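# Topology and contacts: notes
So you can see what is in the structure, the chains are spelled out below.
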There are 2 protein chains.
Amino acid sequence: MPDPTADSPRRTILDSAAHLFARKGFAATGMREIARNAHVNLAMINYYFGSKIDILRILLDEFFTGFLAEAEIHLTQPADLNTKLTAYIHGAIRYFSRNIDRHRVAIIEFPFEIPEIVDLKTNYVRRLIGLFHQNILPPDSSRPAANLDAFPIAIIGPALGAMMSSFFLMSPIISKLRPVEITPAFIDWYADIIATLFLHGVPELLSRAGMHIPSTPGDPS
Amino acid sequence: MPDPTADSPRRTILDSAAHLFARKGFAATGMREIARNAHVNLAMINYYFGSKIDILRILLDEFFTGFLAEAEIHLTQPADLNTKLTAYIHGAIRYFSRNIDRHRVAIIEFPFEIPEIVDLKTNYVRRLIGLFHQNILPPDSSRPAANLDAFPIAIIGPALGAMMSSFFLMSPIISKLRPVEITPAFIDWYADIIATLFLHGVPELLSRAGMHIPSTPGDPS
DNA sequence: AAACTAGTCAAACGTTCGTTTAAGTCGAAC
DNA sequence: GTTCGACTTAAACGAACGTTTGACTAGTTT
């Protein structure tokens, strides 16, 4: 019987690759480096995975499959739209925080010129859009493409995704300017900000902080 | 006199490198490929730039310097905060659209492990935050770090940046799902959506499209 | 005319890349 | 006890990498 424990070479290699891909990028990470980091022999990687790009494909599949499952939980619950959207945002950001390396790889690693990877991502995005059409958007918006120009989900969807990912993607810079410790409490606080921003805009965040947007330039009160 | 025309090898090489870095990534792009694309001899690149990473540094410096100049124009104008923010968002997105390749390189190319590049980016972000503190945030917020936790610019800033960049970064996927032509009219339309989303939240976009957020699940009207 | 300079080039430097090969280990199956 | 298959290994493969060298051109300076 093969060994399915957490210390199996397969999983060790995948975790090691995710760690390195997230920090150096796919192209800049060498097979020997993955092997060294995972404490396995170089040839074992090709034995288990075939090729380097197969590792990337598996990491992406793992990440997006888990994300779609998480999204479906929150989007299909019987609740009003605001509740579903808030739950979706919180669930997504918690999922990112549980899979920081894979999230970074899945978002950043974006070789235009490897159509195979672009197609893989496109497919998952298509399924996510399907979830939104069935559970979030007004029922009449799922029919014709006409009012998709009026409510441009192809713009707002990526924008929301980018908002939710922003902290994780820019954390190397953010933590230099204002060091943060990624605790569950921080993640919830962060998700609250993103959800509020998406659902109510920045003035709501200002007023929560006891500030407001002055209507006259130079008038602080 | 050296030749400062647009066809100088320097500029040709930089444009070629930006084009390839944006599509394949810094690490996956070879010097020979840049040379071939720019129709110059391989050795000329090292003659003009010294090393590969120097090309990246120059591209990032060009992009961020231009971006800061653009941001300063809109943030320092005498107007109310809403106007300044809207102008900033439109200006930034127009700047991205004018420098698509360099924008992509500047945002995506993020080797954790090359501190030199991280420091370069951190410095420019610091200067951008300075612009906001001096021109946008309520005057009392520029003093103590206390209420920066109440109004977390370290979260909202990156989130806005990610929103503005989202279309350009994900365009390989977006254009597969819904082909778009990047015209000035489209850019303005896109910037309008992002500005509305940031300043008023998604319900405003829904109501503009003649939709609204139903408060009862399954109630479309 | 000679010396100098910036630019351009083909060729080669040493290193690292992803992958493959062929030999070997070891427990289970027969 | 032998055979088998899954696993592991050191070594090597050819190709591509970033960079350097040294010769050569052509325009300017002295």
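Up top you'll find the structure we're talking about.
These lines cover the structure that appears in this document, whether it is placed above or below. (Residues numbered from 1 in each chain as written. Chains lettered and ligands numbered in written order. Predicted model: local features only at pLDDT ≥ 70, side-chain atom pairs only at ≥ 80, totals over all residues. Heavy atoms only, no water.)

## Description of the protein's contact with DNA strand C
Neighbouring DNA strand C are 16 residues; Met31(A), Arg32(A), Lys52(A), Asn41(B) and Met44(B) lie closest to it. Take the atoms of DNA strand C that sit within 4 Å of the protein: sugar and phosphate atoms are 49% of them. For DNA strand C, a phosphate oxygen lies 3.5 Å from a polar atom in the side chain of Asn46(A). Separating a phosphate oxygen of DNA strand C from a side-chain N or O atom of Asn41(B) is a distance of 2.9 Å. Looking at the surface near DNA strand C element by element, the count peaks at 4 residues for helix H3 (residues 42-49) of chain B. For the surface near DNA strand C, the per-class residue count stands at 8 nonpolar, 5 polar and 3 charged. (Near = heavy atom within 4 Å. Polar contact = N/O pair within 3.5 Å; in protein donor to acceptor, adjacent residues only side chain to side chain. Helix = DSSP H or I, 4+ residues; strand = E, 2+ residues; numbered from the N terminus. Nonpolar A, V, L, I, M, F, W, Y, C, P; charged D, E, K, R; others polar.)

## Details of a nonpolar patch on the surface
A contiguous nonpolar patch, built from Ile100(A), Val180(A) and Ile182(A) and spanning about 190 Å² of accessible area, is present on the exposed surface. Among the secondary structure elements, Ile100(A) is positioned in helix H6 (residues 100-108). (Patch = residues over 30% accessible without salt bridge, like charges linked within 9 Å, V, L, I, M, F, W, Y side chains within 5 Å. Areas by Shrake-Rupley, 256 points an atom, 1.4 Å probe, with all protein chains shown as cover. Salt bridge = Lys/Arg side-chain N within 4 Å of Asp/Glu carboxyl O.)

## With respect to the protein's contact with DNA strand D
What surrounds DNA strand D is a group of 16 residues, the closest being Asn41(A), Met44(A), Met31(B), Arg32(B) and Lys52(B). Counting only the atoms of DNA strand D that lie within 4 Å of the protein, the sugar and phosphate share comes to 49%. Contacts to DNA strand D include Tyr48(A), whose side-chain N or O atom sits 3.0 Å from a phosphate oxygen. Thr29(B) places a main-chain nitrogen or oxygen 3.1 Å from a phosphate oxygen of DNA strand D. Breaking the surface near DNA strand D down by element, the ones donating at least two residues are helix H3 (42-49) of chain A together with helix H2 (31-38) and H3 of chain B. Top contributing element to the surface near DNA strand D by residue count: H3(A), with 4 residues. Broken down by class, the residue content of the surface near DNA strand D amounts to 8 nonpolar, 5 polar and 3 charged.

## Let's talk about the environment of His74(B)
Residues and elements named next belong to chain B. Within the secondary structure, histidine 74 is located in helix H4 (residues 52-75). Residue class for histidine 74 comes out buried when judged on its relative accessible area of 13%. Histidine 74 sits 61 residues away from asparagine 135 along the chain, and the two C-alpha atoms are 9.8 Å apart. Filtering out sequence-adjacent residues up to four positions away, histidine 74 remains in contact with Lys84, Ala87, Tyr88 and Gly91. (Buried < 20%, exposed > 50% of the residue type's maximum accessible area, 1.4 Å probe, protein only. Contact = heavy atoms within 4.5 Å.)

## Some words on the pattern of salt bridges
Tallied over the full model, the rule gives 22 salt bridges over all chains. Across the salt bridge formed by Arg102(A) and Asp15(A), the nearest N and O atoms sit 3.2 Å from each other. Of this pair, Arg102(A) sits in helix H6 while Asp15(A) sits in helix H1 (residues 9-24), and the two are 87 residues apart along the sequence. Assessed through its relative accessible area of 36%, Asp15(A) is described here as partly exposed. Between Glu116(B) and Arg57(B) there is a salt bridge whose closest N-O contact spans 1.7 Å. Linking Glu116(B) in helix H7 (residues 115-135) with Arg57(B) in helix H4, this pair joins segments that are 59 residues apart in sequence. Given a relative accessible area of 37%, Glu116(B) falls into the partly exposed group. One salt-bridge network, held together by shared partners, links Arg11(A), Asp15(A), Glu62(A) and Arg102(A).

## Focus: the side chain of Ser16(B)
Residues and elements named next belong to chain B. Here serine 16 lies in helix H1 (residues 9-24). Serine 16 sits in the buried class, given a relative accessible area of 4%. With near-sequence residues (within four places) excluded, serine 16 lies in contact with Ile34, Asn37 and Ala38.

## So, the packing of aromatic side chains
Evaluation of the coordinates by the stated rule reveals 36 aromatic pairs over all chains. Summarising the aromatic geometry, the rings of Phe67(A) and Tyr95(A) are spaced 6.0 Å apart at their centres and angled 55° between planes, so their arrangement reads as tilted. With Phe67(A) in helix H4 (residues 52-75) and Tyr95(A) in helix H5 (residues 81-98), the pair connects residues that are 28 residues apart, well separated along the chain. Neither Phe67(A) nor Tyr95(A) differs from the other in exposure class; each is buried. Here the guanidinium or amino end of Arg23(B) rests over the ring plane of Phe112(A), the centre of that ring lying 5.7 Å away. Over the ring of Phe26(B) we find Lys52(B); its NZ or CZ atom is 4.6 Å from the centre of that ring. (Phe/Tyr/Trp six-rings, centres within 6.5 Å; stacked < 30°, edge-to-face > 60°. Lys NZ or Arg CZ within 6 Å of the ring centre and 35° of its normal.)

## Concerning unusual backbone geometry
In this structure, His39(A) is a non-glycine residue whose phi angle is positive, near 55°. Among the residues examined, His39(A) registers a relative accessible area of 73% and is labelled exposed.

## Focus: the side chain of Thr196(B)
Inspection of the secondary structure assignment puts Thr196(B) in helix H9 (residues 184-200). With near-sequence residues (within four places) excluded, Thr196(B) lies in contact with Gly201(B), Glu204(B), Leu205(B) and Arg208(B).

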